[in-house]
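Architecture and fold: a report
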There are 2 protein chains.
Amino acid sequence: MKIFPRSYPSFNLIALVLIALMVAPLITDTRIWAQDQPAGNIKVPKGTLDAVTAILTRRSIRDYTSRPVPEEMIKLLLTAGMAAPSAFNERSTEFVVVNDPKILREISQVNPASLQLKKASVVIVVCGNQNKEKNKGQGYWQLNGAVAAENILIAAHAVGLGAVWTAIYPYPDRIPKVQKLLNLPAEVIPLNIIPIGYPGERKMQENRFDPSRAHYNRW
Amino acid sequence: MKIFPRSYPSFNLIALVLIALMVAPLITDTRIWAQDQPAGNIKVPKGTLDAVTAILTRRSIRDYTSRPVPEEMIKLLLTAGMAAPSAFNERSTEFVVVNDPKILREISQVNPASLQLKKASVVIVVCGNQNKEKNKGQGYWQLNGAVAAENILIAAHAVGLGAVWTAIYPYPDRIPKVQKLLNLPAEVIPLNIIPIGYPGERKMQENRFDPSRAHYNRW
């Protein structure tokens, strides 16, 4: 007995329906996969460096021109910072954008060596919110904040901006001053201040690859 | 009295020499500036994602295919890690590349939850060398290591590899086990283990932008 005799009319129909059921999810798949263009309203500016070049050619930029940094660039940098991974996906990092000239002037006095802060018209203060940590006091907010800050530094360089990590943590004198100036709650610790601006200095590339820092299988 | 009468023959000569002196450094400038292609022997693979897309679309990849990771890709990732900034430019971060199947098997048992380590044929262990710290015991090697690790995670995603931060620090039980397995000196603390491989899983993008984490001028 043939189960599917060639002349049986609904065999082709069944096959068609099965194929349609298999193909349909593929052509109607509107989900955004990790390799696609970024989700949300972030448009990648033209001329953005590729990630490898951006990472390898980034330098600390401490002088900026007076050209204002567009608001959408700050949004892009905040989005980059928030895209960083975090321990237990706790997302403990918070960001304070400062562009008020009065606060900028006061904040530049927290660390007298940070002359770069005086030249920037906008800075991002990267903070760790200890209330959002799942395991407190073990150093997680610092790691979460550091990777978020690195995202901001790379993204800034990639889109033609200059930036630099200006340490607040772990300085016991600087932390309370910044907390007071920005009205931060006690559990929110400023990790660093990143001034943002169009580069006012041109720096040479540095090839930091050092084979003595690479080890294979055992020390 | 004319200092430079039009008919004075050496005037044009002097002008020419001055112009030549000014122009010469510009056309003979072979230095590599920070916006150029990367220095060293790093070639940016075709199809590398731009930095903004790479940062915004990166996900933690915990499953890998058996396709081997070329040696030059590991070199690229190490170079990316070493290009990260560090406190006082102390470059305290060291990298241990593990591809020995025996050590990989042992290392995957340090954290029983880290099943991803069993599937990777190569991992990079990011360590902080406390002997290279200019100010010890203040948390700098952790920050230096975190930004180096983030560079590796972004670069891996940008060139089509998958990777994930698997924590060793701050777990007091995991640190000595990894130190023993890799024969690390006591002052070299493993921060994390990053398994590297071609993605064996496909993950959706996550838009992590959260306006409640962005603050303006004051909290």
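Numbers given to residues run from 1 along each chain, matching the order in which its sequence is written. Each chain gets a letter, beginning with A, and each ligand a number, beginning with 1, in the order they are written. Residue-level local features of this predicted model are given only where pLDDT is at least 70; pairs of side-chain atoms are given and counted only at 80 or more, and the full residue set underlies all totals for whole chains, interfaces and linings.

**Re the overall build of chain A**
- Secondary structure elements follow DSSP: runs of H or I no shorter than four residues count as helices, runs of E no shorter than two count as strands, and numbering proceeds from the N terminus. Each helix and strand in chain A was counted, giving seven helices and six strands.
- Start at the N end of chain A and walk to the C end: the helices and strands fall as α-α-α-β-α-α-β-α-β-β-α-β-β.
- Buried, partly exposed and exposed are defined by the number of other C-beta atoms within 10 Å of a residue's own C-beta, namely 20 or more, between the two limits, and 12 or fewer respectively, with C-beta atoms placed from the backbone. A total of 219 residues make up chain A; the buried ones form 44% of that total.
- A residue pair is marked as a contact if its C-beta atoms, positioned from the backbone, fall within 7 Å. Relative to all contacts within chain A whose residues are 6 or more apart in sequence, the contacts with residues 24 or more apart total 78%.

**A word on the relation of the copies chain B and chain A**
- Mapping chain B onto chain A leaves a residual RMSD of 0.1 Å; the transformation is a rotation of 180 degrees accompanied by 0.0 Å of translation along its axis. Look at the turn and shift together and you get a two-fold axis relating the two.
- Both copies present the same face, since 100% of the interface residues in chain B are matched by interface residues at the equivalent positions in chain A. Least squares is the method for superposing the copies, and the C-alpha atoms it fits come from residues with pLDDT of at least 70 in both.

**Topic: the environment of Pro-170 of chain A**
- Here Pro-170 of chain A is to be found in the loop between β4 (166-167) and α7 (174-181).
- For the pair Pro-170 of chain A and Pro-190 of chain A, spaced 20 residues apart in sequence, the C-alpha separation works out to 9.2 Å.
- For Pro-170 of chain A, the contacting residues outside a window of four places in its chain are Gln-138 and Gly-139 of chain B.

**Remarks on unusual backbone geometry**
All names here are of chain A.
- The peptide bond linking Tyr-169 to Pro-170 adopts the cis configuration, its omega dihedral lying at 5 degrees.
- Residues other than glycine seldom take positive phi values, yet Asn-89 does so here, at roughly 50 degrees.
- Inspection of the secondary structure assignment puts Asn-89 in the loop between α3 (71-82) and β1 (93-98).
- The phi torsion at Asn-217 lies on the positive side, around 65 degrees, for a residue other than glycine.
- Mapped onto the elements, Asn-217 comes out in the segment after β6 (214-216).
- Looking at Asn-217, the number of C-beta atoms within 10 Å reads 15, which means it is partly exposed.

**Some details on helix α3 (residues 71-82) of chain B**
- To estimate the expected span of a helix, count its residues, drop one, and scale the result by 1.5 Å. Here α3 of chain B is twelve residues long and its end C-alpha atoms lie 17 Å apart, about the 16 Å a rise of 1.5 Å per residue gives.
- Within α3 of chain B the residues assigned to the buried category are Leu-76, Leu-77, Leu-78, Thr-79, Ala-80, Gly-81 and Met-82 of chain B.
- Buried-residue contacts for α3 of chain B involve α2 (51-57) and β6 of chain A together with β1 (93-98), β2 (122-129), α6 (140-158) and β5 (188-197) of chain B.

**Some remarks on the interface of chain B and chain A**
- Counting residues at the interface gives 75 residues for chain B and 76 residues for chain A.
- Those elements that place two or more of their residues in the side of chain B that touches chain A are α2 (51-57), α3, β1, α6 and β6 (214-216) of chain B.
- Among the elements that make up the side of chain B that touches chain A, the one with the highest residue count is α6 of chain B (nine residues).
- Pairing between strands requires that DSSP locate at least two bridges from one strand to the other. Inspection of the sheet shows β6 of chain A paired to β1 of chain B by three bridges, in the parallel sense. Across the sheet, His-215 of chain A pairs through a bridge with Val-96 of chain B, a residue of β1 of chain B.

**Quick word on the pairing of strand β2 (residues 122-129) of chain A**
Residues and elements named next belong to chain A.
- The buried fraction of β2 amounts to eight of the eight residues, a majority that puts the element mostly inside the structure.
- By the alternation rule, side chains of β2 split into Val-122, Ile-124, Val-126 and Gly-128 and Val-123, Val-125, Cys-127 and Asn-129, which are all buried.
- Looking at chain direction, β1 and β2 are connected through six bridges and run antiparallel. Counterpart to Glu-94 in the pairing with β2 is Cys-127.
- Sheet topology note: the β2/strand β5 (residues 188-197) ladder contains eight bridges and is antiparallel. Residue pairing across strands places Val-125 opposite Ile-193, the latter belonging to β5.

**Description of the environment of Arg-208 of chain B**
- Mapped onto the fold, Arg-208 of chain B is located in the loop between β5 and β6.
- Judged by the 18 C-beta atoms lying within 10 Å of it, Arg-208 of chain B is partly exposed.
- The sequence separation of Arg-208 of chain B and Leu-181 of chain B amounts to 27 residues, and the corresponding C-alpha distance is 37 Å.
- Apart from the residues lying within four places of it in its own chain, the contact partners of Arg-208 of chain B are Met-82 and Ala-83 of chain A.

**Side note on the environment of Gly-47 of chain A**
Residues and elements named next belong to chain A.
- Of note, Gly-47 is situated in the loop between α1 (10-27) and α2.
- Given 10 C-beta atoms within a 10 Å radius, Gly-47 is considered exposed.
- In sequence terms Gly-47 and Gly-160 are 113 residues apart; their C-alpha atoms lie 8.5 Å from each other.

**Digging into the confidence of the model for chain A**
- In the predicted model, chain A carries a mean pLDDT of 90, and 87% of its residues have values of at least 70.
- This complex was scored by the predictor with a pTM of 0.87 and an ipTM of 0.86. Looking at any residue, its pLDDT shows the predictor's confidence there, from 0 to 100.

**Let's talk about the nonpolar core**
- By our criterion, buried Ala, Val, Leu, Ile, Met, Phe, Trp, Tyr and Cys residues that link up through C-beta atoms within 7 Å make up a nonpolar core. Within the largest apolar cluster, 121 residues are counted, with the highest numbers of intra-cluster contacts made by Ile-152, Ala-155 and Ile-194 of chain A together with Ile-152, Ala-155 and Ile-194 of chain B.
- Residues contacting Ala-155 of chain A, with those up to four places away along its chain left out, are Leu-76, Leu-77 and Ala-80 of chain A together with Ala-51, Val-52 and Ile-55 of chain B.

**Comments concerning the packing of α3 of chain A against helix α6 (residues 140-158) of chain A**
Residue and element names in this part refer to chain A.
- Orientation is described by axes fitted as lines to C-alpha atoms, over the contacting stretch for helices, and by angles from 0 to 180 degrees between their N-to-C directions. Two numbers describe how α3 lies on α6: the axes approach to 7 Å, and their chain directions differ by 140 degrees. The orientation of α3 with respect to α6, classified from their angle, is oblique. Crossing angle aside, the handedness with which α3 passes α6 is right-handed. Of the residues in α6, those touching α3 at Leu-76, Leu-77, Ala-80 and Gly-81 are Ala-148, Asn-151, Ile-152, Ala-155 and Ala-156.
- For the contact of α3 with α6, the per-class residue count stands at seven nonpolar, two polar and no charged. Orientation categories follow fixed angle ranges, with anything under 35 degrees roughly parallel, anything over 145 roughly antiparallel, 65 to 115 roughly perpendicular, and all other angles oblique. Left-handed describes a crossing whose near helix is turned anticlockwise from the far helix through less than a right angle; right-handed describes the clockwise counterpart. All amino acids are sorted into three groups, where Ala, Val, Leu, Ile, Met, Phe, Trp, Tyr, Cys and Pro are nonpolar, Asp, Glu, Lys and Arg are charged, and the leftover types, Gly among them, are polar.

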